[in-house]
Amino acid sequence: MPAAPYASDPAQSRGRLHDEPESHTRTPFQRDRDRIIHSTAFRRLMHKTQVFVYHEGDHYRTRLTHSLEVAQIARSISRVLGLDEDLAEALALAHDLGHPPFGHAGEHALDAAMADFGGFDHNAQTLRVVSRLEARYNNFDGLNLTWETLEGVVKHNGPVDAATAPPPITEYVAGHDLELHTFAGAEAQVAAIADDIAYDNHDIDDGLRAGLFSVADLDRAPLAGPVFAAAARDDLRGDQSRLIHEGVRRMIGAMVEDVIAETRGRLAEENPASADDLRQLARPVAAFSAVMADDEKALKAFLYQYMYRHPHVTDRREVAQEIVRDLFRHFHDDPSRLPGDWRARAAAGDSMRAARVVADYIAGMTDRFAIDQHQLIFDSELDI
């Protein structure tokens, strides 16, 4: 379908921090997507987990499979709304590049370790990855992504308060203004809500298949309960695996349709004439309806109780946090223990910079590498 007037137009992109000749075969947003896919950080997502640790099973989601699912949902929604699918896909694929090993457990441990040095935030770390840490090109550090992709990385959850933004963001925008006070473009908003849809549903899928809760338990969740009950009534095979897939499929469909309807309604009310008009609005345009938002909040509460607080998960979370804390302390106490390039970076600045370099190094680790490094350094085999 033709691009909507409020879509981000690649031909009108605000460009890149470092000037480059444009591609003859790809739009700037397609080029951003391709650079993200070919990055080292993207490949590492294959061995970074969401909830389960990498060795617990081959069928549970990783950050990589999650990112691919988010990209599929974001493209589908963007297509219906007349947005730029390539920009939405690029943002979906990039949104988890800054996550450290062991999911949110690793992030909490690294944030605590960095408390005296500006903290750690995975969104801010994603910006560092794509603007500084990826070392692939002769003329610049990072991936030199377009302004639209960078603003979406930073602001996909809404405007950012410059006074409280993490240091990596404030340092970057001092030289390249991403207009923190406005909403991001519609494609970034769609990628963000696609993340919620994918996250909720793959955690239900993984939690059911891991036996952390049952289909019957979903009766306590307003959205999932009725959907799975209807799927069970239509089940002709009595196959638990097929039932789980059917329930998750229907839930994703219901949530996507709700977002499309609500977003269309908001766009009709606000009537933005351009992507910049949309950025200046007082509210996001991509959103759940009020009813779906309440149901989604209740679903998250269910998952928190039955999955994230399950002893199987919390026991491993504590060990994962211990690994991250030990590694940070080991390298921060003596940065000369870092590998060559990292050691040189840590030595090139003050204690604040050295701590950030250690955090960069640990955040780039996969689950497996972090476990192996901990075992090698501390001669210990933690049960994780």
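These numbers were taken from a predicted model, which means no experiment stands behind them.

1. Considering the overall build of the protein
Piece 1. Tallying secondary structure elements over the protein gives 17 helices and 0 strands in all.
Piece 2. Overall, the protein is about 60 × 50 × 40 Å in size when its C-alpha atoms are taken along their principal axes.
Piece 3. Out of the 384 residues in the protein, the part that is buried amounts to 55%.
Piece 4. Look at the contacts in the protein between residues 6 or more apart in sequence, and 73% of them connect residues 24 or more apart.
Piece 5. Surface exposure of the protein reaches about 17100 Å², of which carbon and sulfur atoms provide 49%.
Piece 6. Where the 41 positive side-chain charges of the protein centre and where its 63 negative ones centre are 3 Å apart.

2. Side note on the side chain of Lys48
Piece 1. Structurally, Lys48 is set in the loop between α2 (40-44) and α3 (63-81).
Piece 2. Lacking a salt bridge, the buried Lys48 has Asp367 as its closest oppositely charged neighbour, with an N-O distance of 7.3 Å.
Piece 3. From its side chain, Lys48 meets the backbone oxygen of Ala363 in a polar contact 2.6 Å long.
Piece 4. Aside from chain neighbours lying at most four places away, what touches Lys48 is Thr62, Arg63, His99, Pro100, Ala363, Gly364, Met365, Thr366 and Asp367.

3. What about the pattern of salt bridges?
Piece 1. Using the criterion set out here, one finds 36 salt bridges in the structure.
Piece 2. Residues Arg14 and Asp276 are paired through a salt bridge, measuring 2.8 Å at the closest nitrogen-oxygen approach. Of the two residues, Arg14 sits in the segment before α1 (28-37) while Asp276 sits in helix α12 (residues 275-279), which places them 262 residues apart along the sequence.
Piece 3. For Arg14, a relative accessible area of 36% translates into the label partly exposed.
Piece 4. Note that Glu89 is salt-bridged to Arg75, the shortest N-O span being 2.4 Å. Placement of the pair is Glu89 in helix α4 (residues 85-94) and Arg75 in helix α3, with a sequence separation of 14 residues.
Piece 5. Three or more residues joined by partner-sharing salt bridges are found here, namely Arg26, Arg33, Asp34, Arg75, Arg79, Glu85, Asp86 and Glu89.

4. Section: empty space enclosed by the protein
Piece 1. Under the counting rule described, the total for this entry stands at 2 cavities of 30 Å³ or more.
Piece 2. There is about 80 Å³ of room inside the largest cavity.
Piece 3. Forming the boundary of the largest cavity are Leu91, Ala92, Ala94, His95, Asn123, Thr126, Gly152, Val153, His156, Ala188, Ala191 and Ala192.
Piece 4. Those elements that place two or more of their residues in the lining of the largest cavity are α4, α6 (122-133), α7 (147-155) and α9 (186-209).
Piece 5. When the residues that make up the lining of the largest cavity are grouped by side-chain class, the tally is 7 nonpolar, 5 polar and no charged.
Piece 6. Here the second largest cavity defines a volume of roughly 40 Å³.
Piece 7. Around the second largest cavity, the lining residues are Tyr6, Leu81, Leu83, Ala186, Val190, Thr263, Leu267, Val285 and Ala286.
Piece 8. Counting only elements with at least two residues in the lining of the second largest cavity, the list comes to α9 and α11 (240-270).
Piece 9. Each residue belonging to the lining of the second largest cavity can be placed in one class, and the counts come to 8 nonpolar, 1 polar and no charged.

Basis of the calculations
- Residues numbered from 1 in each chain as written.
- Predicted model: local features only at pLDDT ≥ 70, side-chain atom pairs only at ≥ 80, totals over all residues.
- Heavy atoms only, no water.
- Helix = DSSP H or I, 4+ residues; strand = E, 2+ residues; numbered from the N terminus.
- Buried < 20%, exposed > 50% of the residue type's maximum accessible area, 1.4 Å probe, protein only.
- Contact = heavy atoms within 4.5 Å.
- Areas by Shrake-Rupley, 256 points an atom, 1.4 Å probe, with all protein chains shown as cover.
- Lys, Arg positive; Asp, Glu negative; His and termini not counted.
- Charge placed at Lys NZ, Arg CZ, Asp CG, Glu CD.
- Salt bridge = Lys/Arg side-chain N within 4 Å of Asp/Glu carboxyl O.
- Polar contact = N/O pair within 3.5 Å; in protein donor to acceptor, adjacent residues only side chain to side chain.
- 1 Å grid on protein atoms, 1.4 Å probe; cavity = no way out; pocket = protein on both sides within 12 Å on 5 of 7 lines; lining within 4 Å.
- Points joined across faces, edges and corners; volume = space filled by probe spheres on them.
- Nonpolar A, V, L, I, M, F, W, Y, C, P; charged D, E, K, R; others polar.

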